[in-house]
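Examination of the molecular architecture
What follows is each chain in one-letter form.
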Amino acid sequence: MESLLRNARHGARVLVRAPGFTLVAVLTLALGIGANTAIFSVVNALLIRPLPLPASDRLVQVVGLDKDARPQYLSMPDFEDLRGQARLFEGFTAFVPQSANLTGRAEPQRVRAGFVSDSFFDVVGVRPAIGRGFVAGVDDAEGAPLVCVLQHETWQGLFGGDAGLVGREIVLNNEPYTVVGIMPKGFRFPFDEVELWAPHHSWPHYRDELAKGKLALRTNGMVGPVARMRPGVRIEEARAELAAIASRLATQFPEGGEKRSLRATPLRDVIVSDVKQAVLVLLGAVGFVLLIASANVANLMLARAAGRAHELATRAALGAGRGRLASELLTEAGLLWLGGGALGLLLGWAGLRTLMASAPRDLPGGIVPQLDATVFLFTLAATALTGIAFGIIPALRFSSPNAAAMLGGGGRSGIAGGGRSRLRAALVVGQMALTLVLLVGAGLLTRSFGKLAKVDVGFRSEGLLTMEYRLPQNKYPEGPQQWHTHRQIIERVRAVPGVVSAALVRGLPFSGNGGSAPIEVVGQPTPEKPPRARTNTVDPAYFETMGIPLLRGRVFTDRDAAGAPPVVIVSRALAELHWPGADPVGRQIGFPGQTPPLPPAEIVGVVGDTKQYGLDETALGFVYVPQAQNPHIFNTLAVRTAGDPMPLAGAVRSAVWSVDPEQPVWKVRTQQSLVEQAKGMPRFLAQLMGGYAALALLLAAVGLYGVTSYAVTQRTREIGLRMALGAEPADVLRIVLLRGFVLASIGLAIGLVGALALGRVIGTLLYATSPADTFTLVSVALLLMLVAGLASYLPARRATRVDPTVALRYD
């Protein structure tokens, strides 16, 4: 310990005497460590830290799969059989999120409700902090009084934390619900932004299907289960049991689907699936930055140690052993890395705040990254590992008395130190290779985003105001009532000053809403597997309001009402798929498998293709159905305005309330914002990767400049001799530049292999861009060589100004 303290004091004095070197080294390390700390904080929150639920590693999502492996809700009979037969699970709970109307207040509001079975709170392992949860056999019984449990934040925000609210009634979906409990502060079920919980049987669709006598149908998907495995059960065992149960159900009840199956996925994996790959790619990128930064500092330390050659040689001659010199040099490296780690932790904290503030959306499941003990340990480990790996290099090179003596004798003659020059060159080559990989990754993502940003969505998104609403099923139980109310609402909205046109659509593009269904092309052979098409229900003004071009035939009119012959409009992609080179207008499409069976519908028009869920989706065929012939309680308003859409939001909302004062509207936003949101994550990823690549390029350029500059200094006498013998400045310039280009070229060749491997890793993040995109590879290679040339030119230019008479006396 005494020796360590002595070395630390000596190292601190040495570093204080070289403030410029110390500051540059610490800042370089801090940049690399800080970037890693910020990104790892996100990785830790998403992939390492447990979800904020007890024993969250035992929670899984269970989904049903049809014969084509498409996810689907389970039927109530299948769900009950699953609960009764599973032995490796502690419990199953239904979970269906849906908007609900909260009325009886000054202004109607929408809340996000989670309709769950009675065992929900037991399965997730969290009970209400005030009041109670749902009682099995009581609250979940059909016909039982309606009850609900509020999120703590909902209780505080909407009800002012009223201590007497438990036991009182609130009005949801036009019915009284008794509040029986309040969840603990901070509780959040990570699947959805649920604001209150209600029994599954009070879900409007459940009650509608119950009234129609459809609950017992094995084909009627009604439940999205979440389950808790028993302690010690592995996910593979749970999946095997579910597969056996699904096989028995498919054999015993083939009417539900002979090849249907079940799939269990850890809850965390479901939540982070959309962002996991992108975050891990970023973690790899900042890891490269840290390696490049560490190599730079190692090169700085090698240069500094070479400058101290006489000192080291003298100390060796006076009896200082190699162990003593090595321990002192290692201690100096340790102090540098410790300072870089401490400053990096602060930069990581600031970087994390900046990162989350600039992210296009919050992390899924309400996960909030923070600098906790795991992040601190990671930062400590990253600091220690890179410090040992790179800090030991100068210690090993310059702690040998023979080496020190040789350096002392050789001085700056350029005769000695060849091994050290090769080592410094190798570090630069590694920096160049890693930088090339990062630049190619950033280039691919940037090129991909550039193409994504230019995608034609198929409609005019500017000037469109949108908002959603859901009519209470018990207030508007029949289709004609629902359509009549929708018609009244849209007519009032069209009368608002500043509104150019307005339309109703069930699945607004980029809202996440929409659906698909199997279709039958009447007059063509029926394949064994019916083709599917995306479906949407719209009113007659939809295509004009959205700016979707009509290519053939006509759009819907008021004549396409309930009771009129069924009609549809198809998209160009669907028309070209099923009637290539022919006009589909007048043909018919059927909808097999519907209950009750639907008659074939006549195609009356063809419209342009549109994107529905994302910019990168393949253009799939669309079938549009008139809302009058297929009414529903849910709808979306699309309102085209003469100017900025948002200032008209209040007037449009008032128009809705003029029809029904208790009808909430929500998700008031512009269509343009939805399209931009779809670009948000690719843009953010490209920008972040580009920033890290630029930092890596700067560090690599500095490293190459340092090595070249050091080599020029070491060869000053040689250069002077060459010039004294008649060498021209251009010859000296060529020699120095050649060395820089050789190092860069070797790094480029090595990095190219890594870049091609990275391209395959990030291939799923790219749109219309090959992982081996020639343009990107060539552009990055040219950029790297240009930067290498500039980094080498500056010291090369200095070399051409060497005075031969001075250089020949240089030692």
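Structure report, in brief.

Reading guide: rules and limits
Residues numbered from 1 in each chain as written. Predicted model: local features only at pLDDT ≥ 70, side-chain atom pairs only at ≥ 80, totals over all residues. Heavy atoms only, no water. Helix = DSSP H or I, 4+ residues; strand = E, 2+ residues; numbered from the N terminus. Buried < 20%, exposed > 50% of the residue type's maximum accessible area, 1.4 Å probe, protein only. Phe/Tyr/Trp six-rings, centres within 6.5 Å; stacked < 30°, edge-to-face > 60°. Salt bridge = Lys/Arg side-chain N within 4 Å of Asp/Glu carboxyl O.

Another aspect to go through is unusual backbone geometry. Apart from glycine, the bulk of residues carry a negative phi angle, and the bulk of peptide bonds sit in the trans form. Of note, the phi angle at Ala 55 is positive, near 45°, even though the residue is not glycine. Along the chain, the position of Ala 55 falls in the loop between α2 (19-48) and β1 (59-65). Residue class for Ala 55 comes out partly exposed when judged on its relative accessible area of 34%. Residues other than glycine seldom take positive phi values, yet Asn 174 does so here, at roughly 70°.

Evaluation of the coordinates by the stated rule reveals 16 aromatic pairs. Plain terms: the ring middles of Phe 95 and Phe 189 are 5.0 Å apart, the flat faces sit at 70° to each other, and that makes the pair edge-to-face. Taken as a pair, Phe 95 in strand β4 (residues 89-103) and Phe 189 in the loop between β9 (175-182) and β10 (196-199) lie far apart in primary sequence, 94 residues in all. Residue Phe 95 is classed as buried on the basis of its relative accessible area of 6%. Look at Phe 120 and Phe 189: their rings are 5.3 Å apart centre to centre, the planes differ by 75°, and that puts the pair in the edge-to-face class. Of this pair, Phe 120 sits in helix α4 (residues 120-124) while Phe 189 sits in the loop between β9 and β10, and the two are 69 residues apart along the sequence. Exposure class is identical for Phe 120 and Phe 189. Each is buried. One aromatic cluster is present, formed by Phe 95, Phe 120, Phe 121, Phe 134, Phe 187, Phe 189 and Trp 197 through successive ring pairs.

Scanning the entire structure with this criterion turns up 29 salt bridges. For Arg 572, the salt bridge goes to Asp 609, with nearest N and O atoms at 3.9 Å. Highlighted residues: Arg 572 in helix α17 (residues 572-578) and Asp 609 in the loop between β22 (601-607) and β23 (622-626), separated in sequence by 37 residues. The exposure class assigned to Asp 609 is partly exposed, which follows from its relative accessible area of 23%. Each of Asp 66, Asp 68, Arg 70 and Lys 529 takes part in one network of salt bridges that share partners.

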